Amino acid sequence: MKDISSTLKNFSELIESEVKRIERMKEAEEFTNFKELEKIIIGIAPGDGIGPIIIEQARRVLNLLLEEEIKAGKVELREIEGLTIENRAAKLQSVPEEVLAEIKKCHVLLKGPTTTPRATDPWPNLPSANATLRRELDLFANVRPMSMPEKGIDWTFYRENIEGAYIWGSKGIQVDENLAIDFVVETAIGSERIARAAFEFAKNNGKTNVTVVTKANIVKLTDGNLIKACKKVAEEYPEITLEERFVDVTAAKLSDMEFSKDLQVFVLPNLYGDIITDIAAELQGGLGTAGAANIGAKYAIFEAIHGSAPFLINNNRGEYADPSSVLRGTAMLLSHIGYQAQSEKLTRTLDICGIEERKIVITSQRENASTAEYGDYVIETIKKL
Ligand code: NAD
């Protein structure tokens, strides 16, 4: 057995960094109260690949739905430049400092997908811009609504967004050629705040149950503590029931409506949340049909759930990308900053255009609508409501 003193030193450094993070979490700011702000600044960062093409439609929609507020100076749409793979590669930073500083001057950010280089890509091996933004802005809740009205499904997923298997994801220890160790991190503060966010949402939206999804029979500490945190928070919400499910059963049975249809709000650790929300998005109709929010106490980012779609760009079909997912994210943004009526109008419009009426159809194929044509259809429909 090799000398493990350097391994132990690595481990103790990781624990020390985590203790410091917990101290910072204890000092976390109050939640932003949008009603008290004189002006709400919405940053818009188009991102990579199809990002600028689909974000253009979101910008048009925001300009229309918030026309009066923008004119009155109550809302500003502010372009954030430089969150592009070209700039990030040139600066060798996953989110260049000056870009992060500009993002921090906004209250919320509407973000296009950002490319994370893979080993075969021509770009330097940068960490994901999303992971960096989540940590820098302490965006602890990844929120994804999924609805299938025809099946009676209306789910909202609260995935813990910082901790779990992700926070030390690139800090695993290869002890020797035979032994590798990765880590899963859970903090009581982290678990309680994701649980509270889910219960608050349930309370404010008339939901009656929250389900915590774990593998606590095997992953006893980190998953077990998340259940404990949910039970503790649940005591403050006597009108909402808390259920426990295992992640393997949930993955296998999510499409079984007898199993799933009465479930409303979910709390999941980071890794299971990543997987289960993608399964749910597929059930709902694919990656184009869902939006996502990354929410912290002070900041929040709204986006599509898909990536920059290099396949479409490389095949000259970027102009046919479906903007529905980023528009669903835009509806979540409007609701988050207190413009509930505008948010509902946009959600209603997307249901009409994409599910009910389908006067023109977008499939990312040239024979169907382009992104801009579909954007026209969305704008016309909003104007009619
Ligand atoms: P992807 O989501 O970009 O593409 C998956 C498939 O869906 C492809 O076939 C693509 O053509 C299609 N697709 C995606 N969005 C579409 C749209 N709006 N309309 C029509 N078709 C669409 O996944 P990927 O190829 O694995 O990732 C590409 C890049 O995006 C990677 O660098 C990845 O790291 C990044 N990514 C970013 C985010 C984000 O910023 N939130 C999320 C996921 C992936």
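Residues numbered from 1 in each chain as written. Predicted model: local features only at pLDDT ≥ 70, side-chain atom pairs only at ≥ 80, totals over all residues. Heavy atoms only, no water.

We count it as follows: UniProt positions are given in the numbering used here, feature names are shortened, and annotations may be inferred rather than shown by experiment.
The chain goes by Homoisocitrate dehydrogenase in an unreviewed UniProt entry, where it is assigned to Clostridium magnum DSM 2767. According to UniProt, the comment filed for the chain under the heading Sequence similarities (unreviewed entry) is "Belongs to the isocitrate and isopropylmalate dehydrogenases family."

### Topic: the overall build of the chain
What counts here: Per the convention used, a helix needs a DSSP run of H or I reaching at least four residues, while a strand needs a run of E reaching at least two, with both numbered from the N terminus. Only C-alpha atoms enter the radius of gyration, while the globule expectation follows 2.2 Å times N to the 0.38, with N the number of residues. The buried label goes to any residue with under 20% of its type's maximum accessible area, the exposed label to any with over 50%, and the partly exposed label to all in between, with areas taken from a 1.4 Å probe on protein chains only. Contacts were defined at the residue level, with two residues in contact if any of their heavy atoms lie within 4.5 Å. Under this rule, positive means Lys or Arg and negative means Asp or Glu; His and the chain ends count for nothing. By convention, the charge on Lys lies at NZ, on Arg at CZ, on Asp at CG and on Glu at CD.
Counting secondary structure elements, the chain contains 15 helices and twelve strands. In summary, the chain has a C-alpha radius of gyration of 21 Å against a globular reference of 21 Å for 385 residues, a match within 12%. Dimensions along the principal axes, computed over C-alpha positions, put the chain at roughly 70 × 55 × 45 Å. When the 385 residues of the chain are sorted by exposure, 50% land in the buried category. Across the chain, the fraction of contacts at a sequence separation of at least 24, relative to all contacts at a separation of at least 6, is 73%. Averaging the locations of the 47 positively and 59 negatively charged side chains of the chain gives two centres separated by 1 Å.

### Focus: the packing of helix H1 (residues 5-26) against helix H7 (residues 188-204)
Note the threshold: Only the stretch in contact is used when fitting a helix axis, every axis being a line fitted to C-alpha atoms; angles between N-to-C directions are given from 0 to 180 degrees. Throughout, the term roughly parallel applies to angles under 35 degrees, roughly antiparallel to angles over 145, roughly perpendicular to angles from 65 to 115, and oblique to all others. Any residue outside Ala, Val, Leu, Ile, Met, Phe, Trp, Tyr, Cys, Pro, Asp, Glu, Lys and Arg is labelled polar, Gly included; the first ten of those are nonpolar and the last four are charged.
Axis separation between H1 and H7 bottoms out at 10 Å; the angle between their running directions is 40°. As judged from the angle between their axes, H1 and H7 are oblique. Side by side, H1 and H7 meet where Ile22, Met25 and Lys26 of the first sit next to Ile189, Gly190 and Arg193 of the second. When the residues that make up the contact of H1 with H7 are grouped by side-chain class, the tally is three nonpolar, one polar and two charged.

### A closer look at the packing of aromatic side chains
Here is the rule we go by: Centres within 6.5 Å make a pair out of two Phe, Tyr or Trp rings, where for Trp the six-membered ring is used; the pair is then stacked when the planes are under 30 degrees apart, edge-to-face when over 60, and tilted otherwise.
Using the criterion set out here, one finds nine aromatic pairs in the structure. Judged by centre distance (6.5 Å) and plane angle (90°), the ring pair of Phe31 and Phe140 falls under edge-to-face. With Phe31 in the loop between H1 and strand E1 (40-45) and Phe140 in the loop between helix H6 (129-136) and strand E4 (141-148), the pair connects residues that are 109 residues apart, well separated along the chain. Overall, the relative accessible area of 55% leaves Phe31 in the exposed class.

### Description of the sheet that holds strand E2 (residues 75-79)
Using the following cut-off: Any two strands are treated as partners once DSSP identifies two or more bridges connecting them.
The mixed open sheet is built from ten strands, whose spatial order is E2-E1-E3-E12-E11-E4-E5-E10-E8-E9. Because the sheet does not close on itself, it has two edges, and the strands there are E2 and strand E9 (241-246). Going from strand to strand, the sheet's axes swing by 20° on average, the running direction of each strand aside. As judged from the three bridges shared by E4 and strand E11 (residues 291-295), these two strands associate in the antiparallel manner. Opposite Asn142, over in E11, you have Asn294 as the bridge partner.

### Brief notes about empty space enclosed by the protein
As a reminder, the rule being used: Residues are said to line a cavity or pocket when one of their atoms sits within 4 Å of a point; the points come from a 1 Å grid over protein atoms alone, cavities being sets where a 1.4 Å probe fits but cannot get out and pockets being open sets with protein on both sides within 12 Å along at least five of seven lines. Grid points are joined across faces, edges and corners, and a volume is the space filled by probe spheres set on the points.
In total, this model carries two cavities of 30 Å³ or more according to the counting rule given. Of the voids in this model, the largest cavity is the one considered here, and its volume is about 40 Å³. Listing elements by their share of the lining of the largest cavity, those giving two or more residues are H6 and strand E12 (300-304). By residue number, the principal contributor to the lining of the largest cavity is H6, which donates three residues. A per-class count over the lining of the largest cavity returns three nonpolar, two polar and two charged. Along the walls of the second largest cavity sit Ile103, Cys106, His107, Val108, Leu109, Leu137, Tyr299, Ala300 and Ile301, which together make up its complete lining. At the level of elements, strand E3 (108-111) and E12 are the ones that each hand at least two residues to the lining of the second largest cavity. In terms of residue class, the lining of the second largest cavity is built from eight nonpolar, one polar and no charged.

### What about the pairing of E3?
Looking along a regular strand, one sees the side chains alternate between the two faces of the sheet. By the alternation rule, side chains of E3 split into Val108 and Leu110 and Leu109 and Lys111, which are all buried. Summarising the sheet, E1 and E3 pair through four bridges and their orientation is parallel. When the bridges of E3 are listed, Gly43 appears paired with Leu109. Sheet analysis places E3 next to E12, joined by four bridges and oriented parallel.

### Brief notes about the site of the ligand
As a reminder, the rule being used: The criterion for a residue being near a molecule or strand is simple. One of its heavy atoms has to lie within 4 Å of it. In the analysis that follows, any N or O atom pair within 3.5 Å is treated as a polar contact, provided that within protein one partner can donate a hydrogen and the other can accept it, and provided that, for residues neighboring in sequence, both atoms belong to side chains. Computed with the Shrake-Rupley method and a 1.4 Å probe, the accessible areas treat only the protein chains shown as cover for residues. The rule for placing a molecule in a cavity or pocket is simple: more than half of its atoms must lie within 2 Å of the grid points.
Around the ligand, 20 residues are found, and the nearest of them are Thr116, Asn130, Gly307, Ala309 and Asp322. Within the side chain of Arg118, a nitrogen or oxygen atom sits 3.0 Å from an oxygen atom of the ligand. Backbone polar atom of Ala309 to an oxygen atom of the ligand: 2.8 Å apart, as the coordinates give it. Its free accessible area being 810 Å², the ligand has 71% of it covered by the protein chains. Taken atom by atom, the bulk of the ligand overlaps the second largest pocket.

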